Every structure is written in structure tokens, then in C-alpha cells.
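# Architecture and fold: a report
Below are the chains, spelled out letter by letter.
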Amino acid sequence: GNSVTQMEGPVTLSEEAFLTINCTYTATGYPSLFWYVQYPGEGLQLLLKATKADDKGSNKGFEATYRKETTSFHLEKGSVQVSDSAVYFCALLPGNQFYFGTGTSLTVIP
Amino acid sequence: EAGVAQSPRYKIIEKRQSVAFWCNPISGHATLYWYQQILGQGPKLLIQFQNNGVVDDSQLPKDRFSAERLKGVDSTLKIQPAKLEDSAVYLCASSLQGGAGNSPLHFGNGTRLTVT
């Protein structure tokens, strides 16, 4: 079946630290992969996406590379800011339905 | 462009009461989704519409939940009667063309439902 597994949080980092949030998936065919971010009290917002193997999605200093050989789409940022504190969701689109991970909460402290 | 609009933002009801949520998607978006997000979990799809037709409602508890999208634009989701376990955030999302990798979801801010 189709599923997404994210590293469990919560994650707490100091400002300017390096961030990695792991995401692996199980899917049939050639899915598209997404990272969404949810700030407190808001809906999810698209952060970045990749639609085929070896594609790198990037936005706001975040990036993730679609690795078909390891079925992974890890989210990285070189230097986090307090404003990056949010919940991050990895998502999979293998057909016409999105599958979401359980989310990883990130808190960045000054 | 205007985003996905949802109302109300918050709702508190007692169990066995009924409640309705409203969603207005981004103009021109053919596909509309309702998701249920329980605290600490990822969104779970309840129902997906393509224009005014249902594409997938396999995870909608049809004994108590119903949804419609008349005229292929606005949508309402209703729960009757509500149970304690329905306490969650109900998210509406839309996309230009559902199921296409270049057509991501755009979410509203959600309705937080508390059933007491």
C-alpha cells in the first residue's frame, strides 16, 4: 500500500542550527512528493515539491531531494530561524489521493 | 489570489448535536477535499470532489457524516449526530487538477471542532 513515515518529534534546535527531518515512503508507481508546513492555528501550506526521481525541491532555504533508490525525501535547512517553528508534513501523491505523514513539530529557540 | 475560505473557525457542541462546516475553494479549482486532522496526527481524507461529483468517499463515516458540493464550487460538510471522537480540525483543500503532481493542495485555515 501507500504510506509515509516521518521521524518523530518534537525537534528542538537553536537558531542557526542545521535541520534534517527524515521522510521515507512506500508507494506503487512513480509518486510525486511534497513537504507541507503548518504554523499554529493555520492550515497546511505547500513548502516544496518534487515530481520525479532526483528532482530537488527548494523554497525559503529548505530543500529536499527525491531519492527513489532509498524511497526517501528528507527535508533539510542549513540555518534555521525562530520563524521556522512549525509542524512539517511529508506527503505522497501516487495517484489521485494524497497520503500524509504524522508530522514533525519543530521549535527553534533564540 | 484569494485562498481557500472556511467557516466557522471554531465550534463547540455537545455530543449528539449536529454541526455544519462551509468551504469556498480557490476560484477555478475543480477538485475539493475535506480532511480530518486529529491532534498530533496528519490529515486524513474524508471525501474528494471533482467538480460536483464524488471521486472518493471511502473513509467518510456515512452513518453520521455527509458532504455536498452543489454547482461544483462551495461545499458543506455535516456531522449528525456528533460523537466525542469527532473532536478535530476539519480542513478543506482545493487543487486545480486533482491527482496531478504539478497541482498541489491549497488548504484553508480549518475549523476546530470540540465535542463535549
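Residues numbered from 1 in each chain as written. Chains lettered and ligands numbered in written order. Predicted model: local features only at pLDDT ≥ 70, side-chain atom pairs only at ≥ 80, totals over all residues. Heavy atoms only, no water.

### Digging into the interface of chain A and chain B
In plain terms, the rule: Note on definitions: a residue-residue contact is assigned when non-hydrogen atoms from the two residues lie within 4.5 Å. Here the quantity called buried area is the total loss of accessible area, with a 1.4 Å probe, experienced by two parts when brought into contact, counted for both. One speaks of a salt bridge when a side-chain nitrogen belonging to Lys or Arg is within 4 Å of a carboxyl oxygen belonging to Asp or Glu. The definition of a polar contact used here is a pair of N or O atoms within 3.5 Å, where within protein one atom must be able to donate a hydrogen and the other to accept one, and adjacent residues in sequence count solely through side-chain atom pairs. Think of it this way: any DSSP run of H or I at least four residues long counts as a helix, any run of E at least two long counts as a strand, and we number them from the N terminus. Under the grouping applied here, Gly and all other residues not named as nonpolar or charged are polar, the nonpolar ones being Ala, Val, Leu, Ile, Met, Phe, Trp, Tyr, Cys and Pro and the charged ones Asp, Glu, Lys and Arg.
On the chain B side, the residues contacting the 20 residues of chain A number 24 residues. In total, chain A and chain B occlude about 1,600 Å² of area from one another, counting both sides; carbon and sulfur atoms represent 52% of this. If you look at where chain A meets chain B, you find 0 salt bridges. Inspection of the region where chain A meets chain B yields 5 residue pairs in polar contact (both at pLDDT 80 or more). Here the side of chain A that touches chain B gets 4 residues from one element, more than from any other, and that element is strand β5 (residues 32-38) of chain A. Looking at side-chain class alone, the side of chain A that touches chain B contains 8 nonpolar, 10 polar and 2 charged residues.

### Remarks on the state of the cysteines
Residues and elements named next belong to chain B. To keep it simple, the criterion reads: Note on terminology: pairs of cysteine sulfur atoms within 2.5 Å are recorded as disulfides. Only protein chains enter the accessibility calculation, which uses a 1.4 Å probe; a residue is then buried when its area is under 20% of its type maximum, exposed when over 50%, and partly exposed in between.
Inspection of the entire model under this criterion finds 2 disulfides over all chains. A sulfur-sulfur separation of 1.9 Å characterises the disulfide bridge that pairs Cys23 with Cys92. On the sign convention where negative is left-handed, the bridge of Cys23 and Cys92, at about -70° about the S-S bond, is left-handed. Of this pair, Cys23 sits in strand β3 (residues 19-24) while Cys92 is found in strand β9 (residues 88-95), placing the two residues 69 residues apart along the sequence. The burial state of Cys23 is the same as that of Cys92; both residues are buried.

### A closer look at the sheet that holds strand β1 (residues 5-7) of chain B
Residues and elements named next belong to chain B. The test is simple: Strand pairing follows a simple DSSP-based rule, namely that at least 2 bridges must link the two strands. Throughout, an axis means a line fitted to C-alpha atoms (over the contacting stretch in the case of helices), and angles, computed between N-to-C directions, take values from 0 to 180 degrees.
Strand order in this open sheet of 4 strands is β1-β3-β8-β7, and the pairing throughout is antiparallel. Since the sheet does not close on itself, it has two edges, and those belong to β1 and β7 (65-68), each with one partner. Averaged over neighbouring strand pairs, the angle between their axes works out to 15° when direction is ignored. Across 3 bridges, β1 lies against β3 in antiparallel orientation.

### Re the layout of surface pockets
Where we set the bar: As defined here, a cavity is a set of points on a 1 Å grid over the protein atoms alone where a 1.4 Å probe fits but cannot get out. A pocket is an open set with protein on both sides within 12 Å along at least five of seven lines, and residues line them when an atom is within 4 Å of a point. Grid points are joined across faces, edges and corners, and a volume is the space filled by probe spheres set on the points.
Of the voids in this model, the largest pocket is the one considered here, and its volume is about 520 Å³. As for the largest pocket, its lining consists of 30 residues, and the residues nearest its centre are Gln38 of chain A together with Gln37, Leu39, Val89 and Arg112 of chain B. Contributions of two or more residues to the lining of the largest pocket are made by β10 (86-93) and β12 (104-109) of chain A together with β9 and β11 (111-115) of chain B. Here the residues of the lining of the largest pocket are counted per class, giving 13 nonpolar, 14 polar and 3 charged.

### Brief notes about the nonpolar core
In plain terms, the rule: In plain words, nonpolar cores are sets of buried Ala, Val, Leu, Ile, Met, Phe, Trp, Tyr and Cys residues tied together by side-chain atoms within 4.5 Å.
By size, the foremost hydrophobic cluster in this structure holds 25 residues, and its most contacted members are Trp35, Leu47, Leu48, Phe73, Leu75 and Tyr88 of chain A. For this core, the elements supplying multiple residues, two or more each, are β2 (11-14), β3 (19-21), β4 (23-26), β5, β6 (44-50), β8 (62-65), β10 and β12 of chain A. With 4 residues, β10 of chain A is the single largest residue contributor to this core. Leu32, Cys92, Leu113 and Val115 of chain B belong to the second-largest nonpolar core, a separate cluster that totals 21 residues.

### Re the pattern of salt bridges
Residues and elements named next belong to chain A. Counted according to the given criterion, the structure contains 5 salt bridges over all chains. Of the charged contacts in the structure, one is a salt bridge between Lys77 and Asp84, with a shortest N-O distance of 2.8 Å. Judged by its relative accessible area of 10%, Lys77 is buried. When its relative accessible area of 7% is taken as the criterion, Asp84 is described as buried.

### Describing the pairing of strand β8 (residues 75-79) of chain B
Residue and element names in this part refer to chain B. Side-chain alternation along β8 places Ser75, Leu77 and Ile79 on a buried face and Thr76 and Lys78 on a face that remains uncovered. One ladder, built from 5 bridges, connects β3 with β8; its direction is antiparallel. In the strand pairing of β8, Ala20 is matched with Lys78. Relative to β8, β7 runs antiparallel, the two being bridged by 4 bridges. Following the sheet pairing, Ala67 is matched in β8 by Leu77. Here β7 folds back onto β8, and the loop between the two strands holds 6 residues, one of which, Lys71, carries a positive phi near 65°.

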